[in-house]
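In case you want the letters, here they are:
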Amino acid sequence: IGASKAVTIGAAGAAAIAGEAAGGNGGDTSVGTLCIGKGGTGGSGAAANALNTGDGGAGGVAGTGDVAGVGPNGASGTSGGTINTVSGRGGEGANTQFGKGGLGAAASNDGSAASGYGSGGGGGASRSSGGTSAGGAGAAGLVIVTEFIS
């Protein structure tokens with residue numbers, strides 16, 4: 001890979017500040033210009049009193065390098081019933097081989113933060129009498145460099 005390359009670890013997507021806002025997008029992770037892994041999108045929140053649930057975010061688009069796959073999408077939320085006691089669930093955040101995505105919320109709660117490198121935050125949920133809920137934060141990226149000397 002040469003004498004020296006700057007390694008940049010993409011920042012985790014920030015949790016939504018409040019309300020039905022989506023969680024922040026993950027930052028790009030790179031080793032110089034040799035390879036770049038693109039960050040995924042934040043999970044969505046849920047509107048108030050709408051029997052509404054947020055979805056997990058989309059995986060990152062293809063980056064550059066020898067292996068340039070895309071991340072998986074988070075799961076879709078499920079809608080609740082038309083009465084106050086039935087609640088949907090926010091979508092689960094995307095998992096990676098390095099960790100689990102955040103759990104989707106139940107009732108009228110915010111989605112959970114991701115718990116492993118490169119995984120997505122969970123979507124929020126709101127039932128008929130509930131307020132808005134925010135999407136959970138995604139996790140930071142990871143770089144693993146294996147260099148073979150011949």
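Remember, it's a predicted structure, so these values are computed and weren't measured experimentally.

The rules behind each value
- Residues numbered from 1 in each chain as written.
- Predicted model: local features only at pLDDT ≥ 70, side-chain atom pairs only at ≥ 80, totals over all residues.
- Heavy atoms only, no water.
- Helix = DSSP H or I, 4+ residues; strand = E, 2+ residues; numbered from the N terminus.
- Buried < 20%, exposed > 50% of the residue type's maximum accessible area, 1.4 Å probe, protein only.
- Contact = heavy atoms within 4.5 Å.
- Pairing = 2+ DSSP bridges.
- Patch = residues over 30% accessible without salt bridge, like charges linked within 9 Å, V, L, I, M, F, W, Y side chains within 5 Å.
- Areas by Shrake-Rupley, 256 points an atom, 1.4 Å probe, with all protein chains shown as cover.
- Salt bridge = Lys/Arg side-chain N within 4 Å of Asp/Glu carboxyl O.

1. As for the overall build of the protein
Point 1. Summing up its helical and strand segments, the protein has zero helices and five strands in all.
Point 2. Starting at the N terminus and walking to the C terminus, you meet the elements of the protein as β-β-β-β-β.
Point 3. Evaluated residue by residue, the protein yields a buried proportion of 31% over its 150 residues.
Point 4. Within the protein, contacts between residues separated by at least 24 positions form 43% of all contacts whose residues are at least 6 apart in sequence.

2. Looking at the sheet that holds strand E1 (residues 7-8)
In sheet architecture, strand pairing relies on hydrogen bonds along the backbone and comes in two forms, parallel and antiparallel.
Point 1. Across the sheet, three strands lie side by side as E1-E2-E3; this open sheet has antiparallel pairing. The strands lining the two open edges of the sheet, one partner per strand, are E1 and strand E3 (35-37).
Point 2. One ladder, built from three bridges, connects strand E2 (residues 29-31) with E3; its direction is antiparallel. Bridge assignment links serine 30 to a residue of E3, and that residue is isoleucine 36.

3. Brief notes about the side chain of serine 30
Point 1. Relative to the helices and strands, serine 30 is located in strand E2.
Point 2. Among all residues touching serine 30, those that are not within four sequence positions of it are Ala6, Val7, Thr8, Cys35, Ile36 and Val143.

4. Digging into a nonpolar patch on the surface
Point 1. On the surface, Phe98, Tyr117, Leu142 and Ile144 cluster together into a nonpolar patch covering about 400 Å² of accessible area.
Point 2. With respect to the helices and strands, the residue tyrosine 117 is situated in the loop between strand E4 (52-53) and strand E5 (125-126).

5. Considering the environment of glycine 111
Point 1. Within the secondary structure, glycine 111 sits in the loop between E4 and E5.
Point 2. Residue classification places glycine 111 among the buried positions, given a relative accessible area of 13%.
Point 3. Once residues within four sequence positions are removed from consideration, glycine 111 is found in contact with Leu103, Ala105, Gly122, Gly123, Gly124, Ala134, Gly135 and Gly136.

6. Topic: the environment of glycine 42
Point 1. With respect to the element layout, glycine 42 can be found in the loop between E3 and E4.
Point 2. What makes glycine 42 buried here is its relative accessible area of 19%.
Point 3. Spatially, the C-alpha atoms of glycine 42 and glycine 13 are 6.5 Å apart, while their sequence positions differ by 29 residues.
Point 4. Residues within four places of glycine 42 in sequence aside, it is in contact with Gly23, Gly24, Asn25 and Gly57.

7. Section: the side chain of serine 119
Point 1. Inspection of the secondary structure assignment puts serine 119 in the loop between E4 and E5.
Point 2. Since its relative accessible area comes to 2%, serine 119 is described here as buried.
Point 3. When residues no more than four places from it in sequence are discounted, the contact partners of serine 119 are Ala94, Asn95, Thr96, Gly99, Lys100, Gly101, Ala114, Gly138 and Ala139.

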